[in-house]
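# Structural characterization, general
Here are the chains, one letter per residue:
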Amino acid sequence: MSTTIGRAISAVSSVVLGKDEQIRLAVACMLARGHLLIEDLPGMGKTTLAHALARVFSLDYRRVQFTSDMLPADILGVSIYDPDTRQFQLRQGPVFAQLLLADEVNRATPKTQGALLEAMEERQVTLDGVSRPLPEPFFVIATQNPVTQAGTFPLPESQLDRFLMRISLGYPSAETELALLSGSDRRDHASTMKPEISSAELMQQMELVGKVHASADLIDYVQRLLAHSRDSGLFVVGLSPRAGLGLLRAARAWAFVAGRDYVTPEDVQVVLGPVTAHRIQASTGGASATSTQQLLEAVPVVRRS
Amino acid sequence: MARVYQVPRHAFPWLLAGALLASLPHLWRGPLWLAVVVPVLLGWRTLIQRGVLAMPGKLIRFPLLLAVIGATLYSHGTVLGPEAGVTLLVAAFALKMLEMFRLRDAYVAIILASFVLATTFLFSRDPLTTLYIGVALVVVMAALVGINDPESGVSPWRHLRQSGLMILQALPLMLVFFVLVPRMPPLWNLQVNQQQAKTGMSDSMSPGEISRLSRQSGIAFRVEFDGEVPPPAQRYWRGLTYGWFDGRRWSQALPPEVRQQEYLRFPNGPSPEWYERLLAERGEPDWRYRVVMERTGQQWLYALSVPFSNRQEVGLARDLRLVRRTDIESTFDYQVDSYQMPVAHQGLPEWERRFYTSLPQEGGNPRATQMAKDWRASATGDGAYITRLLLWFNQEEFYYTLEPPLLGENTVDEFLFRTRRGFCEHYASSFAFMLRAAGIPARIVAGYQGGELNPLGNHLLVRQYDAHVWVEAWLPGQGWVEFDPTGAVAPTRIEQGLDAALAEYGESALTGLAGALRGVPLFARLSLLADYIEFGWAKWVLGYSQQNQLEFLSRWLGKVTPQRMVMALAAVGGVIMLAMLLWMLWRVRRPRLVWWQREHRRMTQMLSRRGVPLAPHLTSAQIVQIASEYFPAAGQPLQDWQRCYDTIAYRKEITEPMVLRRQLRRLRRLVGRRLIRPIRLNPKTDLQREA
């Protein structure tokens, strides 16, 4: 394992207690240049996790609380006429950051959510007809409440597809909760964390992730997973090629986090749920987590014929 | 420096094995020195391959070649002809292996090996030989696959598999060619068995010859009847007649007055008068059958009287026997219709009467001659005389034996009045003498009598020990009539065969192992089965001659014309090619597993068989973990196996795939040996017990 990444992970773990798996996934997601969606009930530590990640990787960090009356300009920025220079001056919005935490992203209207779309995919923003690149690296960590909660707009599918992973944190275990309750506020911890990796170093590590070896057997396995999602009839719509690329990228990053320079089927299986659960919908209408498990169990790891 | 294309190392095992297998049948058959020289040369080559010895230079190879030529000359007296030629070929082939170094030498060696294999057919064509050649061919082809395999360090067994597959694929095509490609008569006649003794009957008979034949259990011919099989007493297979007696030896001869073309009638040849009369008087055939003969090296064919055959090269002689135009050098089959009819219409011209009553001039066997004259004088006719004679044979103390005492000058006198112990030849010979001495025209017929019915193929199996001679006499008004004096002495011989007849006198024709085995029921049944297979082979494969092919094809094609044959060939070939194409497409559609995937499957199958619950979606690490719970003893090798497998399947740099392959297989076998159940049955039941 890259020791710097290991240090970063343990630093985050000391802030977000008992969620090692999710932290590793979040880190892997970032290493894979992917945006992360954290879905959970309020107060589960979503914001703390995002904050801690930003600190640890010494990223320029902005946080936007999405509300139902929010407008795209609130995210992207606005040009204001400056009477002194007699020119319009751009006031950059919170999107011009290396890590944007979009808190409760599904509370905003689809129009505002759509404003994030270009930023996430193109890594640039067009204001007043001028394209402005976003800083490098650029991550969006969005949190959302379960759609069943009141006052939420479900994210459009096109936007969901742009998140590499979706994870949820869940309630802490009893021990973790005890430790949590007896300690001080975790958000304070986060703001006092010292950076472990410079953003330049992070970029370097991301380069290395791209070089993790995926053998023909492994790519074959990934392809069979994708094909099965389309052919089996388990799902309303099968996985897109983008989802496939994302799956492979995420598996590479996971292998990298685990300290290997090659991908194994285990890596694919670990990231399969987070990468695909929010993209597909079971034809039976059941929970998507179950359907990804079905997909996983239906496809043999090694070709049998 | 020009690049030298070397023979790949992995091709050597099959090259050497192929060379040995190709030479082996010839070592068995050829001169003794060959059986020593060839293995030594091949062993030498193996040592060179192992790096123990160096390649021999020209100074060694050239004298070796001269020595081999010299040895061949010494053994065969020539280097030409099939036998000497093959000996030289096999020895030179082994020598060629000594200088096999470059790739093109290996090609030459493979072609030579194939040729040497093919020459085996010159000497033997039975099913076992053919099977052997097939197997040897697979090995030789494996060498060919090997020298064309660019991959190094491959297991030679893969080449053998590949070669076996290719030969199997070629089989249907071979069958098509065998059945459909026009058969041509050979352009030249290869006299292969020159030195091999002629078998079966010869054209003359002296005392002791037939009894020698009776000790052989080799197959003379097999007969397949269309319809019912004649009873044993009527199974007189006429081969040839002896008309000339010199006092000791009966031989086949023609009186000088007769011209060959009047005596022998071939289809498409001139038709003599006696043949026309026979044709006119014959009614419906009594027996229809097909005779499949083994090689005899002679012309005589065997059939029941009076035989007609429609084969082009088969002729009928005036003494009512079938003759082939050329010697029978390989399996030969012919269809015969036999008519039981009196043969008086030929008449007995004066020259023939004189010939068939002639006896040696100087008064040998005076006592027998005197008795014949006295008895004939007192008899009312020829028939009465013959009856009295047969009765005499039957009632006097004559013995039927394979080991008669030696006879001196006057063979007939000595036999009839002194020794009285003899075999069929003695009885037939003295009987014919007595007839001639009484002025009755008589001749000896040689052939086989009886035969064993094989219930499997419902065919008759006639062996050398069924050889028999009997007598035909000309009776006025009746023509040629058969008499068997042996039947008068030992009727069992005619009814039940030689063994039963000899048993009555406490003798056995076959001594040693063969004789002992004949009594064992299992062996008898096995030999019947072997006979059935051999007969099928002789009938369908060896006997598939030009004429049979025409008959067979005309059944399917109607009239056989070159165009139709080409069309049939193209059609059948096309169907086979199409089937192969479909098969190949099917194979391409389904990508084949690579070796480590097959190895993975073997491992999971092995574990599943031993009760480890495995699902296909489990990764190797999960499989190993579950299996270790069931079989803790296999834990370590399982982990090693998993590491090895993951390295092969998922890591970037695999150097030495062969090493890993062997390692993976070794680890799987190690796991297999460690799959010993611990005392507790399995974790689940254990948990239940605890609960």
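Our subject is the structure listed above.
Below is a short write-up of the structure. Just so it is clear, the structure is predicted and the values come from calculations on it, not from any experiment.

## Concerning the overall build of chain B
Within chain B one finds 27 helices and 18 strands. Summarising the internal contacts of chain B: among those between residues at least 6 apart in sequence, 72% fall at separations of at least 24.

## A word on the packing of aromatic side chains
Residues and elements named next belong to chain B. Counting across every chain of the model gives 34 aromatic pairs over all chains. Geometrically, the ring pair formed by Phe 393 and Tyr 427 is edge-to-face, given 5.8 Å between the ring centres and 75° between the ring planes. Of the two residues, Phe 393 sits in helix α13 (residues 382–395) while Tyr 427 sits in helix α15 (residues 424–437), which places them 34 residues apart along the sequence. Note on accessibility: Phe 393 and Tyr 427 belong to one class, buried.

## Some remarks on empty space enclosed by the protein
Residue and element names in this part refer to chain B. Under the definition given, this model contains 4 cavities of 30 Å³ or more. In this model, the largest cavity occupies a volume close to 100 Å³. Taken together, 13 residues line the largest cavity, and the ones lying closest to its centre are Pro 207, Thr 411, Glu 425, His 426 and Ser 429. Every element with two or more residues in the lining of the largest cavity is listed here: α14 (411–419) and α15. Broken down by element, the residue count for the lining of the largest cavity peaks at 4 residues, all from α15. Grouping the constituent residues of the lining of the largest cavity by class yields 6 nonpolar, 5 polar and 2 charged. Here the second largest cavity defines a volume of roughly 40 Å³. Forming the boundary of the second largest cavity are Trp 14, Leu 15, Gly 18, Ala 19, Phe 93, Met 97, Ala 109, Ile 110, Ala 113, Val 140 and Ala 143. Taken together, the elements giving at least two residues each to the lining of the second largest cavity come down to α1 (12–29), α4 (82–98), α5 (103–119) and α6 (127–147). No other element matches α1, which puts 4 residues into the lining of the second largest cavity. Among the residues making up the lining of the second largest cavity, the classes are represented as 10 nonpolar, 1 polar and no charged.

## A few points about the layout of surface pockets
Residue and element names in this part refer to chain B. Each pocket or cavity is described by its volume, and for the second largest pocket that value is around 820 Å³. Surrounding the second largest pocket, 25 residues form its lining, Arg 158, Arg 161, Arg 592, Arg 598 and Arg 661 being those nearest its centre. For the lining of the second largest pocket, the secondary-structure elements that each account for two or more residues are α7 (156–180), α22 (562–589), α23 (595–609) and α26 (657–674). Grouping the amino acids of the lining of the second largest pocket by side-chain chemistry returns 10 nonpolar, 4 polar and 11 charged.

## Description of the nonpolar core
In this structure, Trp 237 and Tyr 385 of chain B are the most contacted members of the largest nonpolar core, which totals 99 residues. With residues up to four places along the chain from it excluded, the contact list for Tyr 385 of chain B reads Ala 372, Trp 375, Arg 376, Ala 379, Met 434, Leu 435, Ala 438 and Ile 440 of chain B.

## Concerning the sheet that holds strand β5 (residues 99–103) of chain A
All names here are of chain A. The strand order β2-β5-β8-β1-β9 describes an open sheet built from 5 strands, whose pairing is parallel. Edge positions in the open sheet fall to β2 (61–65) and β9 (163–167), since each of these has one partner strand only. Mean inter-strand twist for the sheet, computed between neighbouring axes without regard to direction, equals 15°.

## Some details on the side chain of Asn 365 of chain B
Residues and elements named next belong to chain B. On the secondary structure map, Asn 365 appears in the loop between α11 (350–357) and α12 (366–378). When its relative accessible area of 4% is taken as the criterion, Asn 365 is described as buried. At 3.2 Å, the side chain of Asn 365 and the backbone nitrogen of Val 412 are in polar contact. Setting aside residues up to four positions removed in sequence, Asn 365 forms contacts with Asn 410, Thr 411, Val 412, Asp 413 and Phe 433.

## Some details on the interface of chain A and chain B
Between chain A and chain B, the residue contacts involve 21 residues of the former and 20 residues of the latter. Connecting chain A to chain B are 0 salt bridges. Mapped by element, the contributors of at least two residues to the side of chain A that touches chain B are α10 (216–231), α12 (265–276) and α13 (288–298) of chain A. In terms of residue count, the dominant contributor to the side of chain A that touches chain B is α12 of chain A (3 residues). Classifying every residue of the side of chain A that touches chain B by side-chain character gives 9 nonpolar, 5 polar and 7 charged.

## Describing α15 of chain B
Residues and elements named next belong to chain B. For α15, with 14 residues, the first-to-last C-alpha span of 20 Å sits near the 20 Å given by 1.5 Å per residue. Burial within α15 is extensive, with 14 of its 14 residues counted as buried. Directly after α15, the chain includes Gly 439, whose backbone phi takes a positive value near 85°.

## Overview of the environment of Gly 218 of chain B
All names here are of chain B. Inspection of the secondary structure puts Gly 218 in the loop between α8 (209–213) and β2 (219–225). Given the relative accessible area of 35%, Gly 218 is considered partly exposed. Sequence separation between Gly 218 and Val 462 is 244 residues; the distance between their C-alpha atoms is 8.9 Å.

## As for the sheet that holds strand β3 (residues 236–242) of chain B
Residue and element names in this part refer to chain B. The strand order across the open sheet formed by 4 strands is β3-β14-β17-β18, and the pairing between neighbours is antiparallel. The open sheet has two edge strands with one neighbour each: β3 and β18 (479–483). Along the sheet, successive strands turn relative to each other by an average axial angle of 35°, direction set aside. Examined bridge by bridge, strand β14 (residues 442–449) and strand β17 (residues 467–475) share 7 bridges and lie antiparallel to one another. Bridged to Ala 442 within β17 is Ala 473.

## A closer look at the pairing of strand β7 (residues 130–133) of chain A
Residues and elements named next belong to chain A. As defined by bridge partners, strand β6 (residues 124–127) adjoins β7 across 4 bridges and the pair is classed as antiparallel. Bridged to Gln 124 within β7 is Pro 133. Connecting β6 to the antiparallel partner β7 that follows it, the hairpin turn spans 2 residues, and Asp 128 within it adopts a positive phi of roughly 50°.

## Points about the environment of Tyr 275 of chain B
Residue and element names in this part refer to chain B. Mapping Tyr 275 onto the fold places it in helix α10 (residues 273–281). By relative accessible area, which is 9% here, Tyr 275 ends up buried. Sequence separation between Tyr 275 and Ala 317 is 42 residues, and the spatial gap between their C-alpha atoms is 9.0 Å. If we ignore the near neighbours within four places in the chain, the residues touching Tyr 275 are Arg 265, Phe 308 and Leu 316. Side-chain polar atoms of Tyr 275 contact the side chain of Arg 265, separated by 3.2 Å.

About the criteria used
Residues numbered from 1 in each chain as written. Chains lettered and ligands numbered in written order. Predicted model: local features only at pLDDT ≥ 70, side-chain atom pairs only at ≥ 80, totals over all residues. Heavy atoms only, no water. Helix = DSSP H or I, 4+ residues; strand = E, 2+ residues; numbered from the N terminus. Contact = heavy atoms within 4.5 Å. Phe/Tyr/Trp six-rings, centres within 6.5 Å; stacked < 30°, edge-to-face > 60°. Buried < 20%, exposed > 50% of the residue type's maximum accessible area, 1.4 Å probe, protein only. 1 Å grid on protein atoms, 1.4 Å probe; cavity = no way out; pocket = protein on both sides within 12 Å on 5 of 7 lines; lining within 4 Å. Points joined across faces, edges and corners; volume = space filled by probe spheres on them. Nonpolar A, V, L, I, M, F, W, Y, C, P; charged D, E, K, R; others polar. Core = buried A, V, L, I, M, F, W, Y, C linked by side-chain atoms within 4.5 Å. Pairing = 2+ DSSP bridges. Axes fitted to C-alpha atoms, helices over the stretch in contact; angles between N-to-C directions. Polar contact = N/O pair within 3.5 Å; in protein donor to acceptor, adjacent residues only side chain to side chain. Salt bridge = Lys/Arg side-chain N within 4 Å of Asp/Glu carboxyl O. Expected span 1.5 Å × (residues − 1).

Just distances and angles here, no functional claims.
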